[in-house]
Amino acid sequence: PVAMGSGFGAGLGLALASSAFIGGSFVLKKKGLLRLCGRARAGQGGHAYLREWLWWAGLLCMGVGEAANFAAYAFAPATLVTPLGALSVLVSAVLSSIFLNEQLNVHGKTGCILSILGSTVMVIHAPQEEEVSSLESMAEKLKDPGFIVFAVCVLVSSLLLIFVAGPRYGQSNVLVYVLVCSAIGSLSVSCVKGLGIALKELFSGKPVLKEPLGWVLLVCLVICISIQINYLNKALDIFNTSVVTPIYYVLFTTAVMMCSAILFKEWQHMVLGNIIGSISGFLTIVSGIFLLHAFRDMPFTPNLLPLFLQPGRADPHPPWSSADRHQSCQHQPLLPSEDKGSQSAEEEK
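Definitions and cut-offs
- Residues numbered from 1 in each chain as written.
- Predicted model: local features only at pLDDT ≥ 70, side-chain atom pairs only at ≥ 80, totals over all residues.
- Heavy atoms only, no water.
- Helix = DSSP H or I, 4+ residues; strand = E, 2+ residues; numbered from the N terminus.
- Buried < 20%, exposed > 50% of the residue type's maximum accessible area, 1.4 Å probe, protein only.
- Contact = heavy atoms within 4.5 Å.
- Areas by Shrake-Rupley, 256 points an atom, 1.4 Å probe, with all protein chains shown as cover.
- UniProt positions renumbered as here; feature names shortened; annotations may be inferred.
- Axes fitted to C-alpha atoms, helices over the stretch in contact; angles between N-to-C directions.
- Parallel < 35°, antiparallel > 145°, perpendicular 65-115°, else oblique.
- Left-handed = near helix turned anticlockwise from the far one by under 90°.
- Salt bridge = Lys/Arg side-chain N within 4 Å of Asp/Glu carboxyl O.
- Core = buried A, V, L, I, M, F, W, Y, C linked by side-chain atoms within 4.5 Å.
- Phe/Tyr/Trp six-rings, centres within 6.5 Å; stacked < 30°, edge-to-face > 60°.
- Lys NZ or Arg CZ within 6 Å of the ring centre and 35° of its normal.
- Polar contact = N/O pair within 3.5 Å; in protein donor to acceptor, adjacent residues only side chain to side chain.
- Arc of directions from axis to C-beta.
- Nonpolar A, V, L, I, M, F, W, Y, C, P; charged D, E, K, R; others polar.
- Expected span 1.5 Å × (residues − 1).
- Patch = residues over 30% accessible without salt bridge, like charges linked within 9 Å, V, L, I, M, F, W, Y side chains within 5 Å.

A.B. asks: Help me understand the overall build of the chain, please; the structure alone is not making it clear to me.
C.D. replies: Looking only at helices and strands, the chain features 12 helices and 0 strands. Counting from the amino terminus, helix and strand elements in the chain follow one another as α-α-α-α-α-α-α-α-α-α-α-α. Put simply, the chain has 349 residues, and 40% of those count as buried. Taking the contacts inside the chain whose residues are at least 6 apart along the sequence as the reference set, 80% of them involve residues at least 24 apart. Surface exposure of the chain reaches about 19,800 Å², of which carbon and sulfur atoms provide 66%.

Set out below in structure tokens:
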């Protein structure tokens, strides 16, 4: 197995840079759309945003981020690179609260912290995949019976979801179209991994263009991405974004981790502690993304806090020294005011 050396560090750095660029691209494009000032908005079918340099800067950042993410798969395990994509959501949320004045409530801040902690745990316990340094070794892994069974199951289940479950439940159940995107996405990541290896060989001077496997992987990648975009757009058009995004992230990352474990045997040489750490880190990221999206539009006011944490509220349990000044109703005298004198005399006796 490959040790965690310069290649792993390069893959980790590229994955983090990809999240930063992709997260920042959303803010730049949103900032450019807000500067239209009465001109035809994109939501109204206009294209005035094409004259905004901020929108083009966001598009450029998106391209750089996707290129860095593509290159990261050539150096680091897919089980590490894919979950770190959640950091782009975190970067986008933090930058939006700073530059777009979008409210980031306490749930969102907690989700950001959990995402950072989960990503750190996953980096520490990242699997060390078997060495795949050439297209020949990639071809051998693609012939593995375990991966062939997995790929057939993915294709059959996707066809059933598209042609059987889609027409019946696609408009009412968010899992139908998201499952299609996630299952096909696991195969697309494998294609990206193979193409990254092919590009490394191409830059080293090897005649990769004559290898048919590289072209097959490229065609499969185009088909998979086209299916992903189509059914993800359907899901976003029918259901709320705050519902689709966390579910898609969880299912897509789970499918990629399963595919990588079967194809590259990433978990074969890991000790039990690292396996538990990787799963725990992934579940922590999932919790953070859920908090960040599920409660994004929920206002959190000080009135929802316990009484002793609310600013400006008196102590619900006043000290004994002030008990005489703030008598409760059950300590009020029961006799009318004219009988107070006789009551005091009786008490003195």
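What follows picks up the thread again.
A.B. asks: I keep staring at the UniProt feature "transmembrane region" (unreviewed entry) in the chain and nothing clicks. Help me out?
C.D. replies: In this numbering, the UniProt entry assigns the feature "transmembrane region" (unreviewed entry) to residues 6–28, 53–75, 81–100, 147–168, 174–192, 213–231, 243–264 and 271–295. Split by type, residues 174–192 is 100% helix and 0% strand. Its first and last C-alpha atoms lie 27 Å apart. The span residues 213–231 carries 100% helix and 0% strand; its end-to-end C-alpha distance comes to 27 Å.

A.B. asks: I keep staring at the packing of helix α6 (residues 135–142) against helix α8 (residues 174–203) and nothing clicks. Help me out?
C.D. replies: Two quantities define a packed helix pair, namely the angle between the axes and the distance from one axis to the other. Relative to each other, α6 and α8 sit at 160°, their axes nearing to 9 Å. In terms of orientation, α6 lies roughly antiparallel with respect to α8. In this structure, α6 meets α8 at a crossing whose hand is left-handed. Each of Leu135, Glu136 and Met138 in α6 lies in contact with α8, whose residues at this interface are Ser190, Gly194, Ile197, Ala198 and Glu201.

A.B. asks: Would you take a moment to explain the pattern of salt bridges for this structure?
C.D. replies: Working definition: two side chains of opposite charge can pair if their charged atoms are close together. A full pass over the atoms with the stated rule returns 1 salt bridge. Linking Lys206 and Glu201 is a salt bridge whose minimum nitrogen-to-oxygen distance equals 3.9 Å. A relative accessible area of 42% means that Lys206 is categorised as partly exposed. For Glu201, a relative accessible area of 7% gives the class buried.

A.B. asks: Explain the nonpolar core to me, please; I cannot follow it from the model alone.
C.D. replies: Proteins that are soluble and globular tend to have nonpolar side chains buried together. Of all hydrophobic cores here, the largest spans 57 residues; its most connected members are Leu80, Met138 and Leu187. Counting residues per element, the ones that place at least two in this core are α1 (6–34), α3 (78–84), α4 (86–99), α6, α7 (145–169), α8, α9 (212–238) and α10 (241–263). Broken down by element, the residue count for this core peaks at 15 residues, all from α8. Discounting chain neighbours no more than four positions away, the residues touching Met138 are Val132, Ser190, Gly194, Ile197, Leu213, Leu263 and Phe264.

A.B. asks: Could you clarify how one ought to interpret the packing of aromatic side chains in this entry?
C.D. replies: For any pair of aromatic rings, the description rests on two quantities: the centre-to-centre distance and the angle between the ring planes. Tallied over the full model, the rule gives 1 aromatic pair. Ring geometry for Tyr177 and Tyr231: centres 5.6 Å apart, planes at 40°, overall tilted. Of this pair, Tyr177 sits in helix α8 while Tyr231 sits in helix α9, and the two are 54 residues apart along the sequence. The positively charged end of Lys193 is found above the aromatic ring belonging to Phe264, 5.8 Å away from the centroid.

A.B. asks: Please clarify how the side chain of Ser25 should be interpreted in this entry.
C.D. replies: Counting through the fold element by element, Ser25 comes out in helix α1. At 2.5 Å, the side chain of Ser25 forms a polar contact with the backbone oxygen of Ile22. When sequence neighbours within four positions are dropped, the list of residues in contact with Ser25 reads Gly58, Cys61 and Met62.

A.B. asks: Could you clarify how one ought to interpret α6 in this entry?
C.D. replies: Turn by turn, an α-helix covers 3.6 residues, leaving residues three or four places apart pointing in a common direction. By the burial criterion, the buried members of α6 are Leu135, Met138 and Lys141. Buried residues of α6, seen end-on, are gathered within an arc of 115° and therefore sit on one face of the element.

A.B. asks: Got a minute to help me understand the packing of α4 against helix α11 (residues 272–294) in this structure?
C.D. replies: Closest axis-to-axis distance for the α4/α11 pair is 11 Å, and the angle between their directions is 35°. Judged by the twist between their axes, the crossing of α4 over α11 is left-handed. Together, Ala86, Val89, Leu90 and Ala93 of α4 and Ile285, Ile289, Leu292 and His293 of α11 make up the contact between the two elements. For the contact of α4 with α11, a count of residues per class yields 7 nonpolar, 1 polar and no charged.

A.B. asks: Hey, could you run me through the environment of Leu217 in this one?
C.D. replies: Tracing the backbone through its elements, the reader meets Leu217 in helix α9. Among the residues examined, Leu217 registers a relative accessible area of 6% and is labelled buried. For Leu217 and Lys193, which are 24 residues apart along the polypeptide, the C-alpha to C-alpha distance reads 9.4 Å. In this view, Leu217 contacts Leu142, Cys191, Gly194 and Leu195; residues no more than four positions away in its chain are not counted.

A.B. asks: Please explain α9 as it appears in this structure.
C.D. replies: Its 27 residues give α9 an end-to-end C-alpha distance of 40 Å, which sits within 8% of 39 Å, the value for a rise of 1.5 Å per residue. By the burial criterion, the buried members of α9 are Leu213, Gly214, Leu217, Leu221, Cys224, Gln228, Tyr231 and Ala235.

A.B. asks: Which parts of the structure should I look at to understand a nonpolar patch on the surface?
C.D. replies: On the surface, a nonpolar cluster with roughly 650 Å² of combined accessible area is contributed by Ile148, Val152, Val156, Leu159, Leu160, Phe163 and Val164. Relative to the helices and strands, Val156 is located in helix α7. Accessibility expressed as a relative area gives 43% for Val156, which makes it partly exposed.

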